[in-house]
Amino acid sequence: MANRAKVAWLYLILSGFVLGLILIISNNPRQFKWLYSSLSMSILDSPMGLMSMILILFLLVAAFFSTLLQMGRDKRIAKRKTSESIDKVGKTIRIYDIPSGTISFSPSRPSEISSRMSMLARRGETGIVEFLDYIMAAALKLRVSDVHIEPGMSEVALKYRIDGALQTMVTFPSQLLDRLVSRIRILANLSTYEKGKPQDGRINLCLKGRHYDVRLSTIPTLHGDKAVIRLFESHEHDFDLRNLGMLPEIYEVFSGMLVKPQGTVLLTGPTGSGKTTTMYSAVRFILEHVGSTTNIVTIEDPIEREIPGVNQTQVDLKHGLSFAAGLRSLLRQDPDVIMVGEIRDRETAEICIQAGLTGHLIISSIHAINSAGVFNRLIEMGIEPFLLASSVTGVLAQRLVRLNCNVCAKASVPSLKSLKSLNIPLNADIKFMKGEGCENCWYKGYSGRVGIFEILEVTPPIKQAIVQKVETSELISLARNQGLIPLRDAGLEFIRRGIVDVDELARVAG
Ligand SMILES: [Zn+2]
């Protein structure tokens, strides 16, 4: 926009200059003899010369006004789809309304989406607003978790992450990258001039009256800025603990831990295994069961979804609000239940474990190889085993497995390798099903995901083993003796039902 303003000024100055020249020359022909002599042909002597000067003047004035009009249009476009709201830490978030007519396609025809995208990309800079509208609307409709804009040497790839796997939707010329990323930056209230610097922002996306919280991050790469837009999977389910995929036995134990007045409940699993969804569902469960008499607070990084009735706090390192600092402050606010996004350091771990011992229910997540591994991880962080044993009531480990596409799933013979890695006997009485791939599932054979869970309940014998700092493997076998259902056995139930295939479970939990 600043460039356009400069150009408009230039046109204005030039036209003033030409007008001045015409006036001076036509009024005082005699005084400008030196000009006549310096020019090989006198302008006034030939009517054509004067005419062409007036024409130049006219063109300059026209160019000036057209640039002004263009500036106004730019402003209107930026304004048209954005209004603003204020977020929890006082930052302004733009509300970005996508015209509802943007998605008039049927979701069962993904090939149509790709061809519509390349059509919009071919319109170049003039179609950038509609292109982004379409990218976001299609992503919401297809339940995409992340949109990647990846610059390459001569082309940019637009990818969607669907059910955990990346899928290239369209490639477009590199010349469009800057405009597209700038447009996203404007929507996220980020500076468009500070290129070559990582930036993070938020957008409140609105489609057909529904609001979606969207995160944007950009990072400079060899061929330009790479942008990733995270659409939280909040629309996948409404955070209902019963809909996550827990076996009834596991649901029973886990929900039992959530209604206790104190203790620490920990979740573990790799990134993208659905821990956050489970934590939100747990909070919602507590809210429904004991919510009216309970003060529920959270400290999160980031707040992925607003839960009415819960006091959510966002980690803000710029203002000294770390997990540990936030927790200390929250504990002075008379909380009953505290959800801590993640335990990353010793200080946070210490406060959580301590709070779980002193009349608070703590729900948090921590990285570990499996449910039993959480204890040694915390001991390595410097937490006393006897504190762990008394504070932690249970650990829930989880993974996400892709579901067979219900359009193309057929009976199939699984690979021996996968059967072996899951300890499934060859002669097992199971009708194995697997998706063959069809248009509904982007020819992948999978559509949607479900969680598989393993819960380790801290019973008196487990407590004793933790205090004695036994090896993780020993703790697992002890827990199995106590009735722990391992992840793979929980997944086996889905294989029996024909909704998950053996290779997929072997990939995730084999
Ligand atoms: Zn299919």
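Up top is the structure.
Residues take numbers from 1 onward in each chain, read along the sequence in its written order. Under the rules for a predicted model, residues below a pLDDT of 70 receive no local features and side-chain atom pairs below 80 are neither given nor counted, while totals for whole chains, interfaces and linings still include all residues.

What follows is about the overall build of the protein chain. Counting its regular elements, the protein chain contains 17 helices and 17 strands. Three exposure classes are used, all based on how many other C-beta atoms lie within 10 Å of a residue's own C-beta (placed from the backbone): buried at 20 or more, exposed at 12 or fewer, and partly exposed between those limits. Buried residues in the protein chain amount to 36% of all 510 residues. In this text, helices come from DSSP runs of H or I with a minimum length of four residues, and strands from runs of E with a minimum of two, each type numbered from the N-terminal end.

What makes two strands pair is DSSP finding at least two bridges between them. For strand E6 (residues 199-207) and strand E7 (residues 210-221), the ladder comprises 9 bridges, and the chain directions are antiparallel. Paired with Gln 199 across the strands is Thr 218, a residue of E7. The loop that links E6 with its antiparallel partner E7 comprises 2 residues; one of these, Lys 208, has a positive phi angle of about 50 degrees.

The next thing to look at is the nonpolar core. Each nonpolar core reported here comprises buried Ala, Val, Leu, Ile, Met, Phe, Trp, Tyr and Cys residues connected via C-beta atoms within 7 Å. Core analysis: the biggest nonpolar cluster contains 121 residues, and Ile 135, Ile 184 and Val 340 have the highest contact counts within it. Counting residues per element, this core draws most heavily on helix H5 (residues 128-141), which supplies 8 residues. Placing C-beta atoms from the backbone, we regard two residues as in contact once those atoms come within 7 Å. The residues contacting Ile 135, other than those within four sequence positions of it, are Val 147 and Leu 158.

Let us look at the environment of Gln 398. Locating Gln 398 in the fold gives a position in strand E14 (residues 392-404). For Gln 398, a count of 26 C-beta atoms within 10 Å puts it in the buried group. For the pair formed by Gln 398 and Gly 451, sequence separation is 53 residues and the distance between their alpha carbons is 6.6 Å. Setting aside residues no more than four positions away along its own chain, Gln 398 makes contact with Leu 267, Gly 269, Ser 273, Gly 274, Lys 275, Thr 278, Gly 451, Ile 452 and Phe 453.

Two elements in contact, helix H16 (residues 487-496) and helix H17 (residues 502-509), have axes whose closest approach is 10 Å; the angle formed by their N-to-C orientations is 165 degrees. Taken together, the axes of H16 and H17 lie roughly antiparallel to each other. Note on packing geometry: the crossing formed by H16 with H17 is right-handed. Between H16, through Leu 487, Arg 488, Gly 491 and Ile 495, and H17, the contact on the second element is made entirely by Val 502, Leu 505 and Ala 509. The class makeup of the residues in the contact of H16 with H17 is 5 nonpolar, 1 polar and 1 charged. Axis lines are fitted to C-alpha atoms, over the contacting stretch for helices. Their N-to-C directions set the angle, which ranges from 0 to 180 degrees. Relative orientations are named as follows: roughly parallel for angles under 35 degrees, roughly antiparallel for angles over 145 degrees, roughly perpendicular for angles from 65 to 115 degrees, and oblique for any other angle. Here a crossing is called left-handed whenever its near helix is offset anticlockwise from the far helix by less than a right angle, and right-handed whenever the offset is clockwise. Under the scheme applied, nonpolar residues are Ala, Val, Leu, Ile, Met, Phe, Trp, Tyr, Cys and Pro; charged residues are Asp, Glu, Lys and Arg; polar residues are all the others, including Gly.

What follows concerns the pairing of strand E13 (residues 361-365). With 5 of its 5 residues buried, E13 lies for the most part within the structure. Of the two faces of E13, the one carrying Leu 361, Ile 363 and Ser 365 and the one carrying Ile 362 and Ser 364 are both buried. Where strand E9 (residues 263-268) and E13 come together, 5 bridges link them in parallel fashion. Within E13, the position partnered with Leu 267 by the bridge is Ser 365. Bridging between strand E12 (residues 337-340) and E13 involves 4 bridges; their strand directions are parallel. Within the sheet, the bridge partner assigned to Ile 338 lies in E13 and is Ile 362.

It is at 9 Å that the axes of helix H4 (residues 110-122) and H5 come closest, and there the two elements cross at 160 degrees. One way to sum up the angle between H4 and H5 is to call them roughly antiparallel. H4 and H5 meet at a crossing whose hand is left-handed. Between H4 and H5, the contacting residues are Ile 113, Arg 116, Met 117, Leu 120 and Ala 121 on the first element and Glu 130, Phe 131, Tyr 134 and Ala 138 on the second. In terms of residue class, the contact of H4 with H5 is made up of 7 nonpolar, no polar and 2 charged.

On to the sheet that holds strand E10 (residues 296-300), then. Taken together, the 7 strands give an open sheet; going across it, the order is E11-E10-E12-E13-E9-E14-E17, and neighbouring strands pair in mixed fashion. Across the chains shown, the open sheet's two edge strands, defined by having one partner strand only, are strand E11 (311-314) and strand E17 (446-457). Ignoring strand direction, the axes of neighbouring strands in this sheet form an average angle of 15 degrees. Pairing of E10 with E11, which is carried by 4 bridges, proceeds in the parallel orientation. In the sheet register, Val 297 faces E11, and the bridge partner there is Asn 311. Across the sheet, helix H7 (residues 248-258) is in contact with E9, E14 and E17; its angle to E17 comes to roughly 65 degrees.

Now for H17. Taken across its 8 residues, H17 has 7 buried, putting it largely inside the fold. Among the residues of H17, those classed as buried are Val 502, Asp 503, Glu 504, Leu 505, Ala 506, Val 508 and Ala 509. Contacts made by the buried residues of H17 are with E14, helix H13 (416-421), E17 and H16.

The next thing to look at is the environment of Ile 296. When you line up the elements, Ile 296 lands in strand E10. Expressed as a C-alpha distance, the spacing of Ile 296 and Gln 312, which sit 16 residues apart in the sequence, is 8.6 Å. Once residues within four sequence positions are removed from consideration, Ile 296 is found in contact with Val 283, Ile 286, Leu 287, Val 310, Asn 311, Asp 336 and Val 337.

The next thing to look at is H5. Any helix carries an expected span of 1.5 Å times its number of residues minus one. Relative to the 20 Å expected for 14 residues at 1.5 Å per residue, H5 spans 20 Å between its end C-alpha atoms, a close match to the ideal helical length. Looking only at H5, the buried set comprises Phe 131, Leu 132, Asp 133, Tyr 134, Ile 135, Met 136, Ala 137, Ala 138 and Ala 139. Looking one or two residues past H5, Arg 143 carries a phi angle of roughly 55 degrees, positive in sign.

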